[in-house]
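Okay, here's what each chain looks like letter by letter:
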Amino acid sequence: MQKEDEGLRECLAQCRLLAFDVDGTLTDSIKQIILCFQRTFEHAHLPIPDEDAIKGTIGMSLHLGVQSLLPDPTDERLGAEVTQLYRDTFAVSKDIHGTNLFPDVLETLRQLKARGYILAIASGKSKVGVQRVFNDIPEFNELFSLVCTGDMSESKPSPAMMQYIAAKAEVPMDQIMGVGDALLDIQMFRNARCHELGVFSGVCDYYALEDAQSEFILPKVTDLRAYL
């Protein structure tokens, strides 16, 4: 199931830059994130949030995501403590460590780069978190020209990440396509007035993306190859 028409092919032909979310879009990491959140809240002796609540935070900066799941979301001191506990929990949990790319993502990115697209990362992850991905997947260093993370700008759905990328690349918004799996991604792309491609490989299913009226929808990033 998808929503593309021939419009996606035409849109890609007009675009110069593709900006990708990471978790759930390029990497199969949603289960890792959910597990880390649940362990963190258990260690902090706080009510453990359910999967849907955690999924709703994916794409935000970590601090905002943690804060929103607290029994009292206004407790900034506790929010800071639990955010650091999340980072510590992730660092020592070998079963949720490491980057798992979806199949054929690297080949897809290589094809896009070879076609002349500028490739960028727009992720709610921290600079440290994205650097860990780049360390795990060294090929990313040559594929991606620009990176904007959750601690470099306002959190999604603010358009700030996309505005930063557009300014650095000197590419107008109408020649940029954002690619993401979460409603926060789609809302950020829309707020930035760039093109939107939702993939249902992560947080959202097809129907959630359709309800959000995402401009284009595909099952996964690698399906882009059919439209080049």
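In the annotation of an unreviewed UniProt entry, the protein is listed under the name HAD-IA family hydrolase and assigned to Candidatus Anaerobiospirillum pullistercoris.

**Details of the nonpolar core**
Within the largest apolar cluster, 43 residues are counted, with the highest numbers of intra-cluster contacts made by Leu 17, Phe 37, Met 162, Ile 165 and Ile 176. In contact with Ile 176, not counting residues within four places along its chain, are Cys 15, Leu 17, Met 162, Ala 166, Val 171, Cys 194 and His 195. Core analysis: the second largest hydrophobic core is formed by 32 residues, Leu 8, Tyr 117, Val 133 and Met 177 among them.

**Regarding the environment of Leu 224**
Topologically, Leu 224 is positioned in the segment after strand 6 (216–218). Residues Leu 224 and Leu 112 lie 112 residues apart in sequence; the distance between their C-alpha atoms is 8.9 Å. If we ignore the near neighbours within four places in the chain, the residues touching Leu 224 are Leu 12, Phe 20, Leu 112, Leu 197 and Leu 218.

**What about the packing of aromatic side chains?**
All chains considered together, the criterion is met by eight aromatic pairs. Judged by centre distance (6.3 Å) and plane angle (80°), the rings of Phe 20 and Phe 144 are edge-to-face. Placement of the pair is Phe 20 in strand 1 (residues 17–20) and Phe 144 in the loop between helix 8 (140–143) and strand 3 (146–148), with a sequence separation of 124 residues. When its relative accessible area of 0% is taken as the criterion, Phe 20 is described as buried. On the basis of relative accessible area, Phe 144 is assigned to the buried category, the value being 6%. Here the aromatic rings of Phe 140 and Phe 144 are separated by 5.0 Å at their centres, their planes lie at 75°, and the arrangement is edge-to-face. Phe 140 gets classed as buried once you look at its relative accessible area, which sits at 1%. Three or more aromatic residues link up through ring pairs in this structure, and these residues are Phe 20, Phe 134, Phe 140 and Phe 144.

**Examining the pattern of salt bridges**
Under the defined criterion, the tally for this structure stands at seven salt bridges. For the salt bridge of Arg 39 with Asp 95, the shortest nitrogen-to-oxygen distance reads 2.5 Å. With Arg 39 in helix 2 (residues 30–43) and Asp 95 in the loop between helix 5 (76–92) and helix 6 (105–114), this pair connects stretches of sequence that are 56 residues apart. Classification of Arg 39 by relative accessible area gives partly exposed; the value is 23%. A cluster of three or more residues bridged by salt bridges with shared partners is formed by Asp 21, Lys 156 and Asp 185.

**Here's the deal with the environment of Ile 30**
Tracing the backbone shows Ile 30 in helix 2. Sequence separation between Ile 30 and Ser 61 is 31 residues, and the spatial gap between their C-alpha atoms is 15 Å. Non-local contacts of Ile 30, meaning those with residues more than four positions away in its chain, are made with Asp 23, Gly 24, Lys 55, Ile 58, Asp 181, Gly 202 and Val 203.

Here is what the cut-offs are and how they apply
Residues numbered from 1 in each chain as written. Predicted model: local features only at pLDDT ≥ 70, side-chain atom pairs only at ≥ 80, totals over all residues. Heavy atoms only, no water. Core = buried A, V, L, I, M, F, W, Y, C linked by side-chain atoms within 4.5 Å. Buried < 20%, exposed > 50% of the residue type's maximum accessible area, 1.4 Å probe, protein only. Contact = heavy atoms within 4.5 Å. Helix = DSSP H or I, 4+ residues; strand = E, 2+ residues; numbered from the N terminus. Phe/Tyr/Trp six-rings, centres within 6.5 Å; stacked < 30°, edge-to-face > 60°. Salt bridge = Lys/Arg side-chain N within 4 Å of Asp/Glu carboxyl O.

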